[in-house]
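Fold and geometry: a report
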Amino acid sequence: MPRRLSPYSSLALLATAALALTACAPAADAPDAPVTTPSSVEIADTPVGEKTSWIIDVLGAEHDTTAAEWEPHLDAVFTAEVSAGEVADLLNTQIRPAAPFTVTAYRGDERSAVTTIRGAIGEPFDMTVAINDDDKIVAFLLGPASEP
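This section reports on the structure supplied with the text. (Residues numbered from 1 in each chain as written. Predicted model: local features only at pLDDT ≥ 70, side-chain atom pairs only at ≥ 80, totals over all residues. Heavy atoms only, no water.)

Here the structure, examined in full by the defined rule, presents 4 salt bridges. Salt-bridge contacts for D126 lead to R107; the nearest nitrogen and oxygen are separated by 3.7 Å. Of this pair, D126 sits in strand β3 (residues 125-131) while R107 sits in strand β1 (residues 101-108), and the two are 19 residues apart along the sequence. According to the relative accessible area criterion, R107 is partly exposed, its value standing at 39%. Across the pair R111 and D135 runs a salt bridge, and its minimum N-O distance is 2.5 Å. Remark: D135 occurs in the loop between β3 and β4 (137-144) and R111 occurs in the loop between β1 and β2 (112-119); sequence separation between them is 24 residues. On the basis of relative accessible area, R111 is assigned to the partly exposed category, the value being 28%. Residues participating in the shared-partner salt-bridge network are R111, D133 and D135. (Salt bridge = Lys/Arg side-chain N within 4 Å of Asp/Glu carboxyl O. Helix = DSSP H or I, 4+ residues; strand = E, 2+ residues; numbered from the N terminus. Buried < 20%, exposed > 50% of the residue type's maximum accessible area, 1.4 Å probe, protein only.)

That is the geometry; function is a separate question.
Structural data, given as structure tokens:
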């Protein structure tokens, strides 16, 4: 009998696929730039908004991110499909080299949000984050920016 996936496992699988496809920013040396993340839009003061802000800070940090940095933020149903190490590795090699980042759009509710981000190089991308009642990430999707 085939294994039935929970809705959260499905989200984690979508994250795996999105993360694998998110080589949207070419791996290159990051230009010398401030670590700050300018934003032309406000990120909501909600649980998912706080998690989104944390991720954006991680993306713009001077140092590479690590699995240990991500583990406390990821729900077990997510890490059953995508490890914290895989998240850190992908971000370090495919996303962070495009820093600094600018947030150009944000839309969401208390538990899920889509943030459009533009890097110094590459195409803008959408970052979807969904969290559970414990404020742990159950979905983290990166993909091409949708039309405004």
